[in-house]
Amino acid sequence: DLHTLILPIDQNDEDARRLLGENVDIAIATGPEQLYFALGKGSDSLLKSIVDSSNDIGEAKIPPIRVRIAVKPIMQFLASIDRETEKQQMLAEAIEDASGGDASELTVEQIDNGFGCRLVVEEGLLELAGKASQYRE
């Protein structure tokens, strides 16, 4: 089942409107043992494609938790909403110039008597961390 809703952002909440826009699109899909959630413009079509692809895969073994975060779009976004903060502008430029990837991925897998975690940090993030540590306001 796919459910969608559009939540308007209060006109008086300027920070939220600058961050999220006038409305927030939310899509939720449920199944007998599944729950999918997407937020933002186009979230319903994204969710439909995810559900369809998971149905095509069938009974494939996947980790219970896998989170991948690409930092470049986040840094670009932060720099775009606060153009007066020099540090955010510098970090957005630094990740743009980084020679390695800009993502970090956490995977949690079930093992005998517990779970195993794997954290991957791409080279570009390490470069960004080094430049951020040298920044002085």
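**Considering helix H5 (residues 123–134)**
For H5, spanning 12 residues, the distance from its first C-alpha to its last is 17 Å, which sits close to the expected 16 Å at 1.5 Å a residue. Those residues of H5 lying buried are Gly-124, Leu-125 and Leu-128. End-on, the buried residues of H5 take up no more than an arc of 95°, which puts them together on one face. Turned more than 90 degrees away from the buried face of H5, the exposed residues are Leu-126 and Gln-134. Lining the buried residues of H5 we find helix H3 (71–81), helix H4 (86–97), strand E5 (103–111) and strand E6 (114–121).

**Overview of a nonpolar patch on the surface**
The grouping of Ile-65, Val-67, Ile-69, Ile-74, Leu-106, Leu-119, Val-121 and Leu-126 at the surface amounts to a nonpolar patch, some 670 Å² of accessible area in total. Counting only elements with at least two residues in the nonpolar patch, the list comes to strand E4 (65–70) and E6. In terms of residues, the nonpolar patch owes the most to one element, E4, which gives three residues. As for its placement among the helices and strands, Leu-119 is situated in strand E6.

**With respect to the sheet that holds E6**
Taken in spatial order, the three strands of this open sheet run E4-E5-E6, and their pairing is antiparallel. Only two strands of the sheet have a single partner each, and these edge strands are E4 and E6. Across the sheet, the axes of successive neighbouring strands diverge by a mean angle of 10°, strand direction being ignored. Both E5 and E6 contribute to a ladder of eight bridges, which runs antiparallel. Note on E6: the bridge partner recorded for Ser-104 is Val-121.

**Points about the packing of H3 against H4**
Contact geometry for H3 and H4: axes closest at 8 Å, N-to-C directions at 150°. Between H3 and H4, the crossing angle belongs to the class labelled roughly antiparallel. H3 and H4 meet at a crossing whose hand is left-handed. For the pair H3 and H4, the contacting residues are Lys-72, Met-75, Gln-76, Leu-78 and Ala-79 in the first and Gln-88, Gln-89, Leu-91, Ala-92, Ile-95 and Glu-96 in the second. Here the contact of H3 with H4 is built from residues that sort into six nonpolar, three polar and two charged.

**Re H3**
For H3, the full list of buried residues reads Val-71, Met-75 and Ala-79. Seen from one end, H3 has its buried residues packed into an arc of 70°, which puts them on one side.

**Here's the deal with the confidence of the model for the protein chain**
Scored by pLDDT, the protein chain has a mean of 85; 96% of the residues are at 70 or more. Predicted confidence in the protein chain is weakest over helix H1 (residues 14–20), with a mean pLDDT of 80, and strongest over E6, with 94.

**Brief notes about the side chain of Thr-107**
Topologically, Thr-107 is positioned in strand E5. Relative accessible area serves as the criterion here: at 9%, Thr-107 is assigned to the buried category. Reaching out from Thr-107, the side chain makes a polar contact with the side chain of Glu-105 at a distance of 3.4 Å. Ignoring any residue separated from it by four or fewer positions in sequence, one finds Thr-107 in contact with Pro-63, Ile-65, Arg-66, Gly-116, Cys-117 and Arg-118.

**Digging into the sheet that holds strand E2 (residues 23–30)**
One open sheet holds the three strands; their spatial order is E1-E2-E3, and the pairing between them is antiparallel. For this open sheet the edge positions go to strand E1 (2–8) and strand E3 (35–39), each flanked by a neighbour on one side alone. Across the sheet, the mean angle separating the axes of adjacent strands is 15° when strand polarity is ignored. The pairing of E1 with E2 spans seven bridges and is antiparallel. Residue pairing for E2: Leu-2 is matched across the bridge by Ala-29.

Criteria and thresholds
Residues numbered from 1 in each chain as written. Predicted model: local features only at pLDDT ≥ 70, side-chain atom pairs only at ≥ 80, totals over all residues. Heavy atoms only, no water. Helix = DSSP H or I, 4+ residues; strand = E, 2+ residues; numbered from the N terminus. Expected span 1.5 Å × (residues − 1). Buried < 20%, exposed > 50% of the residue type's maximum accessible area, 1.4 Å probe, protein only. Arc of directions from axis to C-beta. Contact = heavy atoms within 4.5 Å. Patch = residues over 30% accessible without salt bridge, like charges linked within 9 Å, V, L, I, M, F, W, Y side chains within 5 Å. Areas by Shrake-Rupley, 256 points an atom, 1.4 Å probe, with all protein chains shown as cover. Salt bridge = Lys/Arg side-chain N within 4 Å of Asp/Glu carboxyl O. Pairing = 2+ DSSP bridges. Axes fitted to C-alpha atoms, helices over the stretch in contact; angles between N-to-C directions. Parallel < 35°, antiparallel > 145°, perpendicular 65-115°, else oblique. Left-handed = near helix turned anticlockwise from the far one by under 90°. Nonpolar A, V, L, I, M, F, W, Y, C, P; charged D, E, K, R; others polar. pLDDT = per-residue confidence, 0-100. Polar contact = N/O pair within 3.5 Å; in protein donor to acceptor, adjacent residues only side chain to side chain.

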